[in-house]
Amino acid sequence: ELKETVFVIQSQSNSFHSKRAEDLKSDILKQAVDLGKELPTVLLTHQINRHEGAWTILPLMRDFSVTYGRNSSWIFFCEEDTRIQVIKLLETLRRFDKSKEWFLGKALYDEESTIIHHYAFAENPTVFKFPDFAAGWALSIPLVNKLAKKLKSEPLKSDFTIDLKHEIALYIWQKGEGPHLTPVPEFCTDDVNSYGVDHCATTFSNFLPLCGEPVNKEDVFVAVKTCRKFHGDRIPVVKQTWEREAALIEYYSDFADISIPTIDLGVPNTDRGHCGKTFAILERFWNHTSPRTPWLVVVDDDTLISIFRLRKLLSCYDPNEPVFLGERYGYGLGTGGYSYITGGGGMVFSRTAVQKLLASKCRCYSMDAPDDMVLGMCFSGLGVPITHSPLFHQARPMDYPKDYLSHQIPVSFHKHWNIDPVKVYFTWLAPNTEESHNGKKVGYDREDL
């Protein structure tokens, strides 16, 4: 029965995202009414305020068990852009015995072991399956109750959340003692308008959001963090690839090189962390750029980024809100902790966010502290939410499952290890590979990079 299914939308508090989640909630409830069914429970994770780490799902299991453990059969999770055919979803779930422990989803796997999964299953990474959140995924209540019990006796460790879908699957699997992910062919990430989705209970509606005209080139200021030892190999890659897309760009280094040109911020280079340098960049943006420039992007010198696509994405955000946007990681979220934007994929700030941060006096505890984590701590203390976009990537294309990237139009990748970064840029990110044609995704060749 529909009333025995609890829908959990993995939502965010930023106004653009919360509206999308509310629209999805309304659509689920409307379908229930049209079917003449009793209304199901639909929850938005960003409204479950007691947990800073609500987005990591596992801290919510005990609440789910207490509240829904007796009268429900399934908890179905989805993203704000997942589209659900409620009647087909019910038919799909009925195939599984609700009295048993089930972990259902669209299966992803690593083709080779990858740094973002700590090189797990290095001998054969294809054996371990984890869910593509965009297609939706489900836990039976007996499994929810078991997880809640385990979490009560063994609290989550205070470490890093890097790729949540993989980490949840590992936690549920319990080194072979818990269930594997069961692949469900009706959980799909095909575009809602594409052919061959008749069998799908879920589809995915969004590749790259566009909410009107892309923001102007002059509205995005790009700050590239570099240092003298990388001027000769990394900066030429930026100049061959995405520099031409940026109207406003400066290179910040520990050495002023007029041939690039780089700006010496007077901050010595550190082998790790770069917190001092990043805060100097924020101060410079606030004090030395036009107050009419609403967006700042801070990238590493080995970040590959599409400013063209970023301008489309930023059309969806209000720069008058304190926006801190990129790929979200977490630290210690099982016991409080905080979320942060991981630096390598690019960190995007609204001018309002920079103003709020600098006014707060929250600063680096050391010059070589990890800048992205310090920023996460600062914004968490200020009550400014991290805004996550899966289109930013801390690693290379080869570090992600092909099927996961297939429903994205990526904004960034990071690192030059064992790849031709120029080739990666022109295959994955360059404007001439723009795929949006009359609102439909057009395929193009992406070599195995």
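Treat the numbers as computed from the prediction; the structure is a model and nothing was measured. The residue numbering used here restarts from 1 in each chain and proceeds along that chain's sequence as written. Residues qualify for local features only when their pLDDT is at least 70, as the model is predicted, and side-chain atom pairs are given and counted only at 80 or more; totals for whole chains, interfaces and linings, by contrast, use all residues. Note: side-chain values were computed over all heavy atoms of the structure, leaving out hydrogens and water.

J.: I would appreciate a short explanation of the sheet that holds strand S18 (residues 324–326) in the present structure.
T.: Neighbouring strands of a sheet are bound in pairs by backbone hydrogen bonds; such pairs are parallel or else antiparallel. Criterion used throughout: strands pair if DSSP finds at least two bridges between them. Helix numbering and strand numbering both begin at the N terminus, where a helix is a DSSP run of H or I of at least 4 residues and a strand a DSSP run of E of at least 2. If you walk across this open sheet you meet the 7 strands as S15-S14-S13-S16-S21-S18-S22, and the pairing is mixed. The open sheet has two edge strands, strand S15 (262–264) and strand S22 (386–388), and neither has a second partner. Strand-to-strand twist across the sheet, computed as the mean angle between neighbouring axes with direction ignored, equals 30°. When S18 meets S22, the two strands line up parallel, connected through 3 bridges. With axes taken as lines fitted to C-alpha atoms, and helix axes fitted only over the stretch in contact, angles between N-to-C directions fall between 0 and 180 degrees.

J.: Whenever I open this one, the domain arrangement of the chain confuses me. Can you help?
T.: When the parts of a complex come together, some accessible area is lost, and that lost area is often taken as the interface size. Taken domain by domain, the chain holds domain 1 (2–204) and domain 2 (217–432). Using only C-alpha atoms to locate each centre, domain 1 and domain 2 end up separated by 30 Å. Taken together, the contacts link 32 residues of domain 1 with 33 residues of domain 2. In this assembly, domain 1 packs against domain 2 so that about 2700 Å² is buried in total across both faces, 53% of it on carbon and sulfur atoms. Once two parts are put together, the accessible area they lose, assessed with a 1.4 Å probe and summed over both, is termed the buried area. Ranking the residues of domain 1 by area buried against domain 2 places Glu52, Trp55 and Phe160 at the top, with a combined share of 19%. A side-chain nitrogen of Lys or Arg and a carboxyl oxygen of Asp or Glu constitute a salt bridge if their distance falls within 4 Å. At the junction of domain 1 with domain 2, the criterion picks out 2 salt bridges. These domain boundaries are the output of an automatic or database domain assignment. Residues count as neighbours in contact if any of their non-hydrogen atoms are within 4.5 Å of one another.

J.: Sorry, what's going on with the pairing of strand S3 (residues 74–79) here?
T.: One face of the sheet, then the other: side chains in a regular strand alternate in exactly this way. Exposure is judged per residue with a 1.4 Å probe applied to protein chains only, and the accessible area is read against the type maximum: over 50% gives exposed, under 20% gives buried, and values in between give partly exposed. In terms of residue burial, S3 counts as a mostly covered element, since 5 of its 6 residues are buried. Sheet analysis places strand S1 (residues 5–10) next to S3, joined by 6 bridges and oriented parallel. Looking across to S3, one finds that valine 6 is bridged to isoleucine 75. As paired elements, S3 and strand S8 (residues 137–140) share 4 bridges and run antiparallel to each other. Directly across from phenylalanine 77, in S8, lies its bridge partner tryptophan 137.

J.: Honestly, the UniProt feature "domain: Fringe-like glycosyltransferase" (unreviewed entry) in the chain in this entry has me stumped. Any pointers?
T.: The sites that carry the UniProt feature "domain: Fringe-like glycosyltransferase" (unreviewed entry) are, in the present numbering, residues 66–150 and 214–424. Measuring from the first to the last C-alpha atom of residues 66–150 gives 14 Å, for a span that is 25% helix and 24% strand. Helix makes up 28% of residues 214–424 and strand 21%, whereas the separation of the span's terminal C-alpha atoms amounts to 24 Å. UniProt positions are given in the numbering used here, feature names are shortened, and annotations may be inferred rather than shown by experiment.

J.: What exactly am I supposed to notice about unusual backbone geometry here?
T.: Negative phi values dominate among residues other than glycine, just as trans dominates among peptide bonds. Residue proline 261 follows isoleucine 260 across a cis peptide bond; omega there is -10°. Along the polypeptide, proline 261 turns up in the loop between strand S14 (248–253) and S15. Phi is positive for histidine 118, which is not a glycine, with a value near 55°. Position of histidine 118 relative to the elements: it lies in the loop between strand S6 (107–108) and strand S7 (130–131). Judged by relative accessible area, histidine 118 falls into the exposed class, the value being 59%.

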